Amino acid sequence: MSKRELIDILNKEKMLSHEQWCELLTDFSEEDRLFAGELALKITEANFGKNVFFRGIIEFSNICKNDCYYCGIRRSNKEAQRYRLSEEEILLCCREGYRLGYRTFVLQSGEDNYWTDDRITTLIGCIKAEYPDCAITLSIGERSRESYEAMFNAGADRYLLRHETADKDHYARLHPEAMSFENRMLCLNDLKEIGFQTGCGIMVGTPYQTIETLAKDMEFMGEFKPEMVGIGPFIPHKDTPFANCETGDRELTLFLLSLTRIMLPEVLLPSTTALGTVASDGRIQGVLAGCNVVMPNLSPQNVRKSYMLYDNKAGSELSAQESLRLLQKQMESIGKTIVIGRGDHIRYKGKCEEND
Ligand code: SAH
């Protein structure tokens, strides 16, 4: 079957068999990628018009108890300058973000034991009390179901936890023994059941990734039906075991983003910072390939260089305002409109209508 026929089936059925995924992802041409890209853009605009949702990301701690082989803030990286923002500092970021027009705050960190359920729910409560019209997205890793429930009850709306790979053996080659594929999946299922708008996703081009593992990722996402999907290229970090590995392929990343949009027409799909790091127009390309979210950095400038998940992360020199303006300009240059508003997933709109 031709790649175009497979893309048409995906568009119609919203799924492909494992064999079909493998066939589609093997030796695709630039024309195939652009075909998928145009279809994905059409689907995005049919669902969202020209709108692109902006989220402010606050990287509030780079202290991490985990030791993921790919990640620059892994526990064993003794070169990383560790920091943790205080609650007051985080609230100041929100204030600045609100002033700049953000209505979603994404709180991301390493798995930092300081942030107990008590502390994080207090923080969520404070942000919600001050900004009831804003959504809170958490991206703070694996926790217990009780912990996720407590954070949801405190008012958190969304949760990002990339599955990283849907292949158990591949997962074990990216993470130390203390982490397990089963627990990652358990966490994702808990998050969804509790009622979070839930995001999963992968890095493209991680060591040991194959067409087969990517096919499994796409199949998993088709079944899990996440509200959000994060896909960016893997970029090596010099102080990790994967320092000498290759950077993920930009075209393959864009192709996978387009296929994700075709499979999940309503998904919230960020054009990632990692994509913006491998090419200066990467985030524009992502949006032209079907992305509809960008997440400029809202972290204080003095800590940005310390939240280095990978080398040369884009935007680490800029202030919050500069990050926003740059992305705003990029989006306007391709005729997109920046949306002020929470930008919930369509399935969750009813619940949040008064805020949208
Ligand atoms: N501790 C949180 C946040 C992790 S950072 C968690 O576990 O979810 C968010 C994402 O950055 C990770 O899920 C991973 O997919 C991505 N990331 C980490 N290291 C990276 C690298 N070297 N290149 C590209 N992306 C990376």
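Check the entry above for the structure.
Residues numbered from 1 in each chain as written. Predicted model: local features only at pLDDT ≥ 70, side-chain atom pairs only at ≥ 80, totals over all residues. Heavy atoms only, no water.

Draft legend 1. Fine view of the sheet that holds strand β5 (residues 158-160). The strand order β2-β3-β4-β5-β6-β7 describes an open sheet built from 6 strands, whose pairing is parallel. Two strands close off the open sheet at either side, each with one partner strand: β2 (56-61) and β7 (228-233). Strand-to-strand twist of the sheet, defined as the mean angle between neighbouring strand axes without regard to direction, takes the value 20°. Docked against the sheet, helix α9 (residues 211-224) engages β6 (197-204) and β7, running at close to 170° with respect to β6. (Pairing = 2+ DSSP bridges. Helix = DSSP H or I, 4+ residues; strand = E, 2+ residues; numbered from the N terminus. Axes fitted to C-alpha atoms, helices over the stretch in contact; angles between N-to-C directions. Contact = heavy atoms within 4.5 Å.)

Draft legend 2. Broad picture of the sheet that holds strand β1 (residues 51-54). The 3 strands are arranged β8-β1-β9 in an open sheet whose pairing can be described as parallel. In the strand order of this sheet, the two ends are held by β8 (293-294) and β9 (337-339), each with one partner. Relative to β8, β1 is paired through 2 bridges, and the arrangement is parallel. Bridge pairing in β8 places Phe54 opposite Val294. Where helix α14 (residues 320-333) meets the sheet, it contacts β1, β8 and β9, and its direction lies at approximately 170° from that of β1.

Draft legend 3. Layout of the site of the ligand. Taken together, 16 residues lie near the ligand, and Tyr70, Ser109, Arg162, Glu164 and Ile235 sit nearest. Between the ligand and the protein, one listed contact pairs an oxygen atom with a side-chain N or O atom of Glu164 at 2.5 Å. Separating a nitrogen atom of the ligand from a backbone N or O atom of Ile235 is a distance of 2.7 Å. Protein contacts shield 91% of the accessible area of the ligand, which totals 550 Å² for the unbound molecule. Residue classes in the shell around the ligand are distributed as 9 nonpolar, 4 polar and 3 charged. (Near = heavy atom within 4 Å. Polar contact = N/O pair within 3.5 Å; in protein donor to acceptor, adjacent residues only side chain to side chain. Areas by Shrake-Rupley, 256 points an atom, 1.4 Å probe, with all protein chains shown as cover. Nonpolar A, V, L, I, M, F, W, Y, C, P; charged D, E, K, R; others polar.)

Draft legend 4. Structural view of empty space enclosed by the protein. Summed over the entire model, instances satisfying the criterion amount to 1 cavity of 30 Å³ or more. When its volume is computed, the largest cavity comes out at roughly 90 Å³. At 3 residues, β7 tops the list of elements feeding residues into the lining of the largest cavity. Of the residues in the lining of the largest cavity, the class split is 8 nonpolar, 3 polar and 2 charged. (1 Å grid on protein atoms, 1.4 Å probe; cavity = no way out; pocket = protein on both sides within 12 Å on 5 of 7 lines; lining within 4 Å. Points joined across faces, edges and corners; volume = space filled by probe spheres on them.)

Draft legend 5. Main features of unusual backbone geometry. Look at Tyr208: it is not a glycine, yet its phi comes out positive at around 70°. The class of Tyr208 is partly exposed, set by a relative accessible area of 43%. Phi is positive for Lys225, which is not a glycine, with a value near 50°. Mapped onto the secondary structure, Lys225 falls in the loop between α9 and β7. (Buried < 20%, exposed > 50% of the residue type's maximum accessible area, 1.4 Å probe, protein only.)

Draft legend 6. Inspection of the layout of surface pockets at higher detail. Considered as a void within the structure, the second largest pocket measures approximately 310 Å³ in volume. Taken together, 20 residues make up the lining of the second largest pocket; nearest its centre are Lys14, Gly222, Glu223, Lys225 and Met263. Secondary structure elements with two or more residues in the lining of the second largest pocket: α2 (18-25) and α9. Considering each element in turn, the lining of the second largest pocket owes the most residues, 4 residues, to α9. Counted by class, the lining of the second largest pocket contains 9 nonpolar, 4 polar and 7 charged residues.

Draft legend 7. The arrangement of the environment of Lys65 in detail. Take Lys65: it is sitting in the loop between β2 and α4 (87-100). On the basis of relative accessibility, which here comes to 40%, the residue Lys65 falls in the partly exposed class. Each C-alpha atom of the pair Lys65 and Glu111 lies 5.7 Å from the other, and the pair is 46 residues apart in sequence. Apart from residues lying up to four places away in sequence, Lys65 is in contact with Arg75, Glu111 and Asn113.

Draft legend 8. Inspection of the packing of aromatic side chains at higher detail. Inspection of the entire model under this criterion finds 13 aromatic pairs. Clustering of aromatic rings is evident, with ring pairs tying together Tyr148, Phe152, Tyr159 and Phe196. One cation-aromatic arrangement involves Arg173 over Tyr208; the distance from NZ or CZ to the ring centre is 3.7 Å. It is Lys192 that lies over the ring of Phe224; its NZ or CZ is 5.2 Å from the centre. (Phe/Tyr/Trp six-rings, centres within 6.5 Å; stacked < 30°, edge-to-face > 60°. Lys NZ or Arg CZ within 6 Å of the ring centre and 35° of its normal.)

Draft legend 9. Summary view of the pattern of salt bridges. Under the defined criterion, the tally for this structure stands at 28 salt bridges. The salt bridge involving Lys65 is made with Glu111; its shortest N-O contact spans 3.9 Å. Taken together, the positions of Lys65 in the loop between β2 and α4 and Glu111 in the loop between β3 (104-109) and α5 (117-130) put the pair 46 residues apart, joining distant regions of the chain. Given a relative accessible area of 11%, Glu111 falls into the buried group. Residue Glu227 is joined to Arg347 by a salt bridge in which the shortest nitrogen-to-oxygen separation is 2.5 Å. Of this pair, Glu227 sits in the loop between α9 and β7 while Arg347 sits in the segment after β9, and the two are 120 residues apart along the sequence. Given the relative accessible area of 1%, Glu227 is considered buried. (Salt bridge = Lys/Arg side-chain N within 4 Å of Asp/Glu carboxyl O.)

Draft legend 10. Structural detail: the packing of α2 against α9. Following both chains from N to C, one finds α2 and α9 inclined at 120°, their axes separated by 9 Å at the closest point. When the axes of α2 and α9 are compared, the pair comes out oblique. Relative to α9, the crossing made by α2 is right-handed. Residues His18, Trp21, Cys22 and Leu25 of α2 form the contact with α9, whose own contacting residues are Ile211, Glu212, Leu214, Ala215, Lys216, Met218 and Glu219. Across the contact of α2 with α9, the residue classes break down as 7 nonpolar, 1 polar and 3 charged. (Parallel < 35°, antiparallel > 145°, perpendicular 65-115°, else oblique. Left-handed = near helix turned anticlockwise from the far one by under 90°.)

The values reported here are purely geometric and, on their own, carry no functional implication.
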